[in-house]
Structures are given as structure tokens and as C-alpha cells.
Amino acid sequence: MFGRFLRPSLFRRKTQDTNGLSTELLRWSRNDSWTVRDAVEGTLILGATGAGKTTGPGRAMALAMLKAGFSGLVMTAKSDEAALWESYARAAGRLDDLILVNPSQPWKFNFLQYECERKGVGAGLVHNVENLLCTVAELGDRGQSQSGGMEGDRYWRDAMKELARAAIHVLMLAKGRVSVPDLYQLIVSAPSNEAEKCSRQWQETSFCYECFTEAARREKSADEERDFLTDCDFFLQRFPRLAPKTRSIIESVLMSMVDLLNRGILRRLFCTETNFTPEFLDHGKIIVVDLPIFEYGAVGLYGQGVVKYCFQKSLKRRTFSSHPTPAFIWIDECQYFLMGHDAMFASTCRSANVALCLLSQNVSNIYAALGGAAKAQNEADSLFGNLNTKVLLANGDAVTNSWSANLIGRSRQFLASGNSSYDKDHRWAAAVGLDWLDGGGSTSAGFSETFEYEIQPREWTTLRTGGPAHGWMVDAIVFQHGRRFKASGRNWIRTSFRQRP
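Per chain, residues are indexed from 1 in the order of the written sequence. Reporting in this predicted model follows two pLDDT cut-offs: at least 70 for local features of residues, and 80 or more for side-chain atom pairs to be given and counted; totals over whole chains, interfaces and linings ignore these cut-offs and use all residues. Side-chain descriptors were evaluated using all non-hydrogen atoms of the structure, hydrogens and water having been removed beforehand.

Undergrad: Could you clarify how one ought to interpret the overall build of the protein in this entry?
TA: Helix and strand labels come from DSSP, where a helix needs a run of H or I of at least four residues and a strand needs a run of E of at least two; each type is numbered from the N terminus. In terms of regular secondary structure, the protein is built from 23 helices and 13 strands. We call a residue buried when its accessible area falls under 20% of the maximum for its residue type, exposed when it is over 50%, and partly exposed in between, using a 1.4 Å probe and counting protein chains only. Expressed as a percentage of the 501 residues in the protein, the buried residues total 51%. It only takes one pair of heavy atoms within 4.5 Å for two residues to be counted as in contact. The contacts in the protein between residues at least 6 apart in sequence include a share of 73% that link residues at least 24 apart. Note on areas: Shrake-Rupley with a 1.4 Å probe; residue coverage comes only from the protein chains shown. Just so you have it, the protein exposes about 22,500 Å², and 50% of that area is on carbon and sulfur atoms.

Undergrad: What am I meant to see in the pattern of salt bridges here?
TA: Close approach of charged atoms lets side chains of opposite charge pair. For this document, the term salt bridge refers to a Lys or Arg side-chain nitrogen within 4 Å of an Asp or Glu carboxyl oxygen. Counted by the stated rule, this structure contains 28 salt bridges. With a closest N to O distance of 2.7 Å, Arg94 and Asp97 form a salt bridge. Arg94 gets classed as buried once you look at its relative accessible area, which sits at 10%. Across the pair Arg157 and Asp158 runs a salt bridge whose closest N-O atoms are separated by 3.4 Å. Accessibility expressed as a relative area gives 32% for Asp158, which makes it partly exposed. One salt-bridge network, in which partners are shared between bridges, spans Asp32, Asp38 and Arg483.

Undergrad: Any chance you could explain the pairing of strand S12 (residues 473-480) here in plain terms?
TA: On a regular strand, one side chain projects to one face of the sheet and the next to the other, so that they alternate. When you tally the buried positions in S12, you get eight out of eight residues, the bulk of the element. The alternating pattern of S12 places Met473, Asp475, Ile477 and Phe479 on one face and Val474, Ala476, Val478 and Gln480 on the opposite face, and all of these are buried. With four bridges joining them, strand S9 (residues 389-392) and S12 adopt antiparallel strand pairing. Within S12, the position partnered with Thr389 by the bridge is Gln480. Criterion used throughout: strands pair if DSSP finds at least two bridges between them.

Undergrad: What is the right way to look at the sheet that holds strand S5 (residues 98-101) in this model?
TA: Strand pairing within a sheet occurs via backbone hydrogen bonds; the two strands may be parallel or antiparallel. Here nine strands make up an open sheet; going across it, the order is S5-S6-S4-S7-S8-S3-S9-S12-S13 and the pairing mixed. Each having just a single partner strand, S5 and strand S13 (492-498) make up the two edges of the open sheet. Each strand of the sheet is rotated relative to its neighbour by a mean of 15 degrees, with strand direction disregarded. Where strand S3 (residues 43-46) and strand S8 (residues 354-360) come together, four bridges link them in parallel fashion. Note on S8: the bridge partner recorded for Leu44 is Leu358. Note on definitions: angles span 0 to 180 degrees between N-to-C directions of axes, and those axes are lines fitted to C-alpha atoms, for helices only across the stretch in contact.

Undergrad: Sorry if this is basic, but what is going on with the nonpolar core here?
TA: In a soluble, globular protein the nonpolar side chains are often hidden away together inside. Put simply, buried Ala, Val, Leu, Ile, Met, Phe, Trp, Tyr and Cys residues joined by side-chain atoms within 4.5 Å make one nonpolar core. Judged by nonpolar contacts, the single largest core of 147 residues is most densely connected at Trp28 and Phe111. The leading source of residues in this core is helix H8 (residues 154-175), at 11 residues.

Undergrad: Teacher, can you tell me more about the environment of Val36 here?
TA: Turning to its location among the elements, Val36 is positioned in helix H1 (residues 36-40). For Val36 and Ala68, which are 32 residues apart along the polypeptide, the C-alpha to C-alpha distance reads 8.9 Å. Contacts of Val36, omitting those with residues within four sequence positions, involve Gly20, Leu21, Thr23, Leu25, Phe70 and Pro326.

Undergrad: Even after reading the chapter, I still don't get helix H14 (residues 244-261), so can you show me in this structure?
TA: In an α-helix, one full turn covers 3.6 residues, which means residues spaced three or four apart are oriented alike. Here H14 is 18 residues long and its end C-alpha atoms lie 26 Å apart, about the 26 Å a rise of 1.5 Å per residue gives. One axis fitted to the seven residues ending at a residue, another fitted to the seven starting there: the angle between these axes is the bend at that residue. The largest bend in H14 amounts to roughly 30 degrees and is located at Met255. The set of residues buried in H14 consists of Arg247, Ile250, Val253, Leu254, Met255, Met257, Val258 and Leu261. Given the number of residues in a helix, its expected span is that number minus one, multiplied by 1.5 Å.

Undergrad: Whenever I open this one, the packing of H8 against H14 confuses me. Can you help?
TA: The relative placement of two packed helices comes down to the angle between their axes together with the axis-to-axis distance. Interhelical geometry of H8 versus H14 gives an angle of 70 degrees and a closest axis separation of 9 Å. Judged on the interaxial angle alone, H14 and H8 are roughly perpendicular. Counted together, Tyr155, Trp156, Ala159, Met160, Leu163 and Ala164 of H8 and Thr246, Ile249, Ile250, Glu251, Val253, Leu254 and Met257 of H14 form the full contact between these two elements. Just so you know the grouping, Ala, Val, Leu, Ile, Met, Phe, Trp, Tyr, Cys and Pro go in nonpolar, Asp, Glu, Lys and Arg go in charged, and all remaining residues, Gly too, go in polar. For the contact of H8 with H14, the residue count by class is 11 nonpolar, one polar and one charged. Angle categories: roughly parallel below 35 degrees, roughly antiparallel above 145, roughly perpendicular from 65 to 115, and oblique for all the rest.

Structure, rendered in C-alpha cells:
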């Protein structure tokens, strides 16, 4: 297979189907293509550092989707990711659709308020807003939450959620909106003991008291009235009566995570107003969250986690009939962004017409990023199972190479064996090619059957990695379950991508 089979001129060829799923995006070989159907069934690209995963299959597949009209959301880990996607958009004639979300641009997304006001019957439900806040907040301590830590202590987790739920509902009743700054002020100004809640000074200065007063005056439905009485019981009765240490721990667990969202760039971009939403993807926009983790650290992780989770929730509500134009979520260095819910999202992408594309160096990275324990490995394997196209490049990680070999599987193979022996007094005949005259020897041959790897793990250590040393060619082995490639007759195919020198 040669790189010329991957040229963009083939990206828009269509077969006779009514929903566009058979639209050809690129080719693995002369007779094997990657289609929209393949894209929305998920893609995983694995390759060692320097193996060419971004400049080889990454570039080819990204350009293919852009030229086919996909909208998209792009996460950024590396500093040059936004510039790379700007070049992709320019090459695809899509610069007008590109939106860069960073501190120098005007784009803002108040994620809590969006959840309250979005379309759909589930909008504005307090439990959904609370779950969104807590899920996003846990991004900052992802490794700990996945391997134990707070998640392992059910009491503290549930108590934190109860505090968040009560505060969110009071804000919704009192102000008609929810924001991280208001949430922060309400919790820190809540009464800390029985005496304080009766204090005139507290009542005159407390934002919490102000919110309760406004909420009490507002007209409420019967359900809202009952829930408000529960909020009053929590903030004015149970919470002040807790032991100071217990109350302090519950507050600190939530507030330490909310605090980062309430400062600087994150507050400005995600806690004030909203002028871009997940619905932008319905209009063909390409949104790059330009807060690269290698530059912004935890701020970049939180900010991109906010957008990724909210967009995933929105995309899951789509149906194919109402959203015939596909969208993608592109995550290079995906180990920095993954959480447990990603496997469930991947399982519904096809019905929502969404292509989830993940790139990383190896499976070991992903196991470690999700916590490293058995639960993390199960989550990662579940995610891998929901990504049908796997593009496997050169790798030096033994775990990944063995995983790849097991993925493709074993087949029945036949081994031939033979043996010849000669009488020691007649070896001269064999030495001069006259062994047929010698009656003192014996010859035997046989075959044995075995099940062996179709591709040995060592094969991934020999693939070309691009650059001038390899003529700018990147080799990969592509696997898809349930498919028999015409070029190989197997569920895998060896192909090549041409880099731009």
C-alpha cells in the first residue's frame, strides 16, 4: 500500500445510501476505504513518540473529516495544537468555521447557566446541575478520584453533593441563575453555628441570608416549595449543628475544587456569560479549546474538562435523523483528558452521529491516567472496545505491542519440519552429493498445526516512522472488528501515510 491512495481527491466519493454513512473519507488501499460509518464508530490511534501519528494518520483523518463537512470539538495538550488545526481548516477551506477559545478571544461559556437554560425536558433539574459541577470539579484530582481517595469515601462524597445540591437550588430560586462565583459566596457565608444564624450582623452581611430571603418571597410550584423547605432544613438546621471538623471537611472538599473555577481565566471564560454553546456544532463550527495543558496546567485541564463534558452530554441527546451532519471530538494526548464516563459516551456515538477520535502513545499511558488499578484498566478496555478503527503505529511499549497482537488475534498455522541422519561411516556420500547411493542414513519430514499470532508483537518495532530516513512515509497496521479488508483478506491491513516534508 502506498500513500498515494490517501490523497484528498477521494474524500467525497459516495455510494448509494440515504444517510451518507457510506461516504468515503480516505483509503487504506486501492479497494479498502474509511467511511463516515467507520468514523462515527470511533477511532483510536496509538504510536510511540516520533512514530508519526499526528503527521501521518492524524493529519489524513482530520483533513478527511473537515473536507467532508464535519463540525468538531478539539482538545489541546500541546502548545502548537491550535495552529495545527488552523492550518487544517485553511487547507480544507473551513477557516470561517473555526473558533478558538482562549483568553485573547471573546468566546465564553457559563456551563452551569447553560445546563439550567438549555433545550430539553431535563434542563434546569437541580440534580443534573449538581452532577455537572461535581464531575467537572473532580477533574483537578482525577487520578486520586479514580483510584480511591474521595470517591472511595462515600460519606464525604455524598455530603459534598448534598451541600452543592442545596446551594444550587437556593440560587436558582433566588437569582434565577447559577454561577460559580455566586455558589462560592453562598457557601462561605452560610451560618457556621446555631448562634450565628440568629445574629443580626450575619443577616445583614450574609449573601446566603440574602438568597434565602429572596427565594422565600418568590412564587414557587408545590415541588419547588417542598425542595426549598429541604434546603432550609439543611442550611439552617442540620449543617450548623454538625461538628466543626465535619462541617469544615465537607465545605473544603467542595470549595477547594470550586475555588479554581472562581479565579482568573477560568472565571472569565466559564463563569460569566455565554456566547458559544454545544449547539454551535449543529451549524458546522470547529471549536478548538486553546488552553493547552502543557502551557496552562490545571487551568487548561479544568477549562477543557468543562467544555468536553458539557459537549458530550449535549451530543448524546442528538439523534441521527435530526442531526444528519456528523461531528467529531478530537483528543490528541488523550490520556490527559479521559475519565470513566468516556467509555459510556463512546458506546452511543454512532447513534448520535459523532466521531470520537483519540490519540496517545500507548495503552499503558491510558491505564495509568485512569488510576492504574484494576478498575482503571477495565474502564480503558471498555473504551477501547467502543472504538472500532484502531490505527497502530510503531511502538516500543511491550504492553501495547502484546495488546495489539492479541487484538488482531491468532489463526491456525502449519509448521513444517524435516530431519536427515547418516551412518557415521557413510557421511562421505552426503558430503559429495551422493547420499542417494548411501543406504546407511534416514530422512523424515512432518507438519504440525498451531494457533499463533497473525502479527507478532515485534512487528510494531519495525514499522517506518516517517521523516527523511524513511522517505517521509509512516507505516501503520489498521484493525477493524467485523470487517475483512479486500487487500489482506483479514480484519487488519498494513498501510502507509505520506507526511508533508
